[in-house]
Amino acid sequence: MSDHEQRTPVELKGLAANDPHLLPASKNPKQAERVIAVCFVLGIIFVAAFGACFWINAQPWKIGATLGAGLSFLGIGLVAWGKYLMPQGPFVEERHQLANSQDDRDAFAAAIVQRGGDVVKRRKLLGGLLGAGLGIFGVVAMFPLLRSLGPLPKKTLDSTDWRKGTYAVDITGRRVRVGDLAVGSIVTVYPEGTQNTDRGQAVDQTVLIRISNENFTTLKGRESWGPQGYLAYSKLCTHLGCPVGLYEQELQVLVCPCHQSTFNVLNGAVPEFGPAPRPLPQLPLYIDASGYIRAQADYDQPVGPGFWERS
Ligand code: FES
């Protein structure tokens, strides 16, 4: 019989089966079991809710809250299990002698001396390859995570399709001319060619309002932006991105239907009421020689809500 076969792998020294060290710490293990089970069930429910929130792209706080609650309940259950249901010890584990015999060590040293150079060289090569493999595996393992973040937004968060000279068109693609709107009227316009695209229906949407027949300045530095009383503002609410399509002509405010933010049209669409944190960006306009409404440039600031509020 070899050395290995004679060894006892683990022995609990001096502990009888009914030793208090082997009993759970809780005086009422059944109740502890119930509480832990409830924690696990709640954990499962919240983790499932997290999955559902992630799937339907719910608001970030809901995703975070469900994940946090799920992991917390699972963690509490796990800790309680260890603390109240597991034997508390202490335990002594006896092990056999781990070191090789002197004869074994001498034989191993002789073998190394005999084959030394080659072995060491190969070990370095193999160690290097193993390290490279593990490194590449670590990088590749990040791919699913990175891919789940979706495509890079690049400049799409900062810019729209409005450019210098872009024609403003209505939903049918018809270019808007200076005589098309009476004073007090409003129409949604798009950069020409985008009105039927997803992007045209999102960040490019612009409300065109005619507030008078005279050139109008909303703010200092915007003296040329409102030719013949035409003002253009982003239609995306700066709160959570609802379309700001209601125009109160008498008060000359744009109203967001979602949470009733109101934006003063005459004053650079500064929010006067509601949760919107900043004005609607204004699109600089000009009227060309043929009477068409065109953009002087893109918006000078990002449209819509702050990036973290976008869905
Ligand atoms: S989305 Fe406009 S006020 Fe909330």
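Look up a bit, the structure's there.
These remarks concern the structure in this document. (Residues numbered from 1 in each chain as written. Predicted model: local features only at pLDDT ≥ 70, side-chain atom pairs only at ≥ 80, totals over all residues.)

### Regarding the sheet that holds strand S4 (residues 230-234)
Across the sheet, which stays open at both edges, the 5 strands sit in the order S1-S2-S3-S4-S9 with antiparallel pairing between neighbours. Looking at which strands have only one partner, the edges of the open sheet turn out to be strand S1 (168-169) and strand S9 (282-283). (Pairing = 2+ DSSP bridges. Helix = DSSP H or I, 4+ residues; strand = E, 2+ residues; numbered from the N terminus.)

### Quick look at unusual backbone geometry
Within the chain, Asn57 stands out as a residue other than glycine whose phi angle is a positive 60°. Residue position: Asn57 is located in the loop between helix H2 (29-55) and helix H3 (60-85). By the C-beta count within 10 Å, which is 9 here, Asn57 ends up exposed. (Buried ≥ 20, exposed ≤ 12 C-beta atoms within 10 Å, placed from the backbone.)

### So, the pairing of strand S8 (residues 270-273)
Bridging between strand S7 (residues 262-264) and S8 involves 3 bridges; their strand directions are antiparallel. Residue pairing in the sheet places Phe263 in a bridge with Pro271 of S8.

### As for the nonpolar core
Here is a general trend for soluble globular proteins: nonpolar side chains tend to be buried in one another's company. Judged by nonpolar contacts, the single largest core of 32 residues is most densely connected at Leu208, Ala232, Tyr233, Leu254 and Val265. Those elements that provide at least two residues to this core are S1, strand S2 (186-191), strand S3 (206-210), S4, strand S6 (253-255) and strand S11 (293-295). No other element matches the 4 residues that S4 contributes to this core. Apart from the residues lying within four places of it in its own chain, the contact partners of Val265 are Ile209, Ile211, Leu231, Gln252, Val253 and Leu254. Cys39, Phe46, Phe50 and Phe73 belong to the second-largest nonpolar core, a separate cluster that totals 5 residues. (Core = buried A, V, L, I, M, F, W, Y, C linked by C-beta atoms within 7 Å. Contact = placed C-beta atoms within 7 Å.)

### Side note on the packing of H2 against H3
One can describe the packing of H2 onto H3 by two numbers: an axis separation of 7 Å at closest approach and a directional angle of 160°. With respect to their mutual orientation, H2 and H3 come out roughly antiparallel. In this structure, H2 meets H3 at a crossing whose hand is left-handed. Of the residues contributing to the contact of H2 with H3, the split by class is 23 nonpolar, 4 polar and 2 charged. (Axes fitted to C-alpha atoms, helices over the stretch in contact; angles between N-to-C directions. Parallel < 35°, antiparallel > 145°, perpendicular 65-115°, else oblique. Left-handed = near helix turned anticlockwise from the far one by under 90°. Nonpolar A, V, L, I, M, F, W, Y, C, P; charged D, E, K, R; others polar.)

### Remarks on H3
The terminal C-alpha atoms of H3, which comprises 26 residues, lie 37 Å apart, in line with the 38 Å expected from a rise of 1.5 Å per residue. Along H3, the positions that sit buried rather than exposed are Thr66, Gly70, Phe73 and Gly77. On its buried face, H3 sits against H2. (Expected span 1.5 Å × (residues − 1).)

### Observations regarding the sheet that holds S7
Strand order in the open sheet formed by 4 strands is S5-S6-S7-S8, with antiparallel pairing between adjacent strands. What marks the edges here is a single partner per strand, and that holds for strand S5 (246-248) and S8. Averaged over all pairs of adjacent strands, the angle between strand axes in this sheet comes to 35°, irrespective of strand direction. Judged from the 3 bridges that link them, S5 and S6 form a sheet pairing that is antiparallel. Among the inter-strand pairings, Leu246 is bridged to a residue of S6, identified as Val255.

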